[in-house]
Amino acid sequence: MNSVSPGTKREAAGVVDAAGGRYVEAAVMTSVPPHGIRSPMLLGGPHADAFMPVAKALGMRAEVFSNEVGGASSVKMCRSIMIKGMEALATECMLTARRYGVEKQVLASLADTLPHPDWPGLVRYMMSRALIHGRRRAEEVREVVRTVAEAGLTPMQSPATAERQDWAADRGAELAPEILATKDLDTLLDAVLAKAAR
């Protein structure tokens, strides 16, 4: 279930198979809270079909994606390019906009360009995810970098995403729980900027 590159999953499968085990990869396709074990998952590998009755008995929302190891992981990692990248971009965009005092205008422009009913809420949510879970997200994005390279492409955006996620984790570790839980974007931006200025 680890969020790692297809190549890393294949390496793990080789170790398990060589020891006589049966490896099934799982890619969790949404945030685990509030779904828990019922989070949607894609399964992969030659033993995925055999695992399905066990998954159903456990209450898992799993489906077999591929009989080859690595396919499910490729879906997860490509999704992570976008989701973790958006979190990093939202953090950098809104902190910079707040520093210039133009966050309201930037949010209005975003809403006009990419319609969403609550851009302030969306941005606050994305930033809070990075502030709270940035370290784990940075580790995942480093596997995303490997995924991009395994596809024969040069990772350009993802290395910067990992750096921003680490930065967010450092700032988040300095913030009080009530700040991290705030629903007010202005409060969050000011608190992070205060820590960034130190």
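Calculation notes
- Residues numbered from 1 in each chain as written.
- Predicted model: local features only at pLDDT ≥ 70, side-chain atom pairs only at ≥ 80, totals over all residues.
- Heavy atoms only, no water.
- Salt bridge = Lys/Arg side-chain N within 4 Å of Asp/Glu carboxyl O.
- Helix = DSSP H or I, 4+ residues; strand = E, 2+ residues; numbered from the N terminus.
- Buried < 20%, exposed > 50% of the residue type's maximum accessible area, 1.4 Å probe, protein only.
- Patch = residues over 30% accessible without salt bridge, like charges linked within 9 Å, V, L, I, M, F, W, Y side chains within 5 Å.
- Areas by Shrake-Rupley, 256 points an atom, 1.4 Å probe, with all protein chains shown as cover.
- Phe/Tyr/Trp six-rings, centres within 6.5 Å; stacked < 30°, edge-to-face > 60°.
- Lys NZ or Arg CZ within 6 Å of the ring centre and 35° of its normal.
- pLDDT = per-residue confidence, 0-100.
- Pairing = 2+ DSSP bridges.
- Axes fitted to C-alpha atoms, helices over the stretch in contact; angles between N-to-C directions.
- Contact = heavy atoms within 4.5 Å.

What follows concerns the pattern of salt bridges. Evaluated as defined, the whole model comprises 15 salt bridges. The residue Arg146 makes a salt bridge to Glu11 at a minimum N-O spacing of 2.5 Å. A residue pair is termed long-range when its members are at least 10 positions apart, and Arg146 in helix α5 (residues 119–150) and Glu11 in helix α1 (residues 6–18) qualify at 135 residues. Classification of Arg146 by relative accessible area gives partly exposed; the value is 30%. Classification of Glu11 by relative accessible area gives partly exposed; the value is 48%. Two residues, Glu150 and Arg146, come together in a salt bridge whose shortest N-O distance is 3.0 Å. Here Glu150 and its partner Arg146 are both found in helix α5, four residues apart, which amounts to about one turn of the helix. Here the salt bridges do not stand alone but share partners, grouping Arg98, Glu103, Lys104, Asp186 and Asp190 into one network.

Here we come to a nonpolar patch on the surface. The grouping of Ile37, Val54 and Leu58 at the surface amounts to a nonpolar patch, some 250 Å² of accessible area in total. Mapped onto the fold, Ile37 is located in the loop between β1 (25–28) and β2 (40–44). Residue Ile37 is classed as partly exposed on the basis of its relative accessible area, which comes to 39%.

A separate point is the packing of aromatic side chains. This structure, assessed with the given rule, holds zero aromatic pairs. The ring of Trp167 has Arg164 sitting right over it, with the charged end atom 4.7 Å from the ring centre. Looking at Arg171, its charged tip hangs above the ring of Trp167, at a distance of 5.0 Å from the centre.

Glancing now at the confidence of the model for the protein chain. For the protein chain, per-residue confidence averages 96 on the pLDDT scale, and 99% of positions sit at 70 or higher. Of all the helices and strands in the protein chain, β1 carries the lowest mean pLDDT, 95, while helix α6 (residues 157–172) carries the highest, 98.

For the rest of this paragraph, the subject is the sheet that holds β2. Taken in spatial order, the three strands line up as β1-β2-β3 in an open sheet, and their pairing is mixed. Looking along the sheet, the strands with just one partner apiece sit at the ends: β1 and β3 (61–66). Pairwise comparison of adjacent strand axes, ignoring direction, gives a mean angle of 30° for this sheet. Sheet topology note: the β1/β2 ladder contains four bridges and is antiparallel. Looking at the pairing, Ala26 lines up with Leu43 of β2. Across the sheet, helix α3 (residues 71–100) touches β1, β2 and β3, and the angle it forms with β1 is around 20°.

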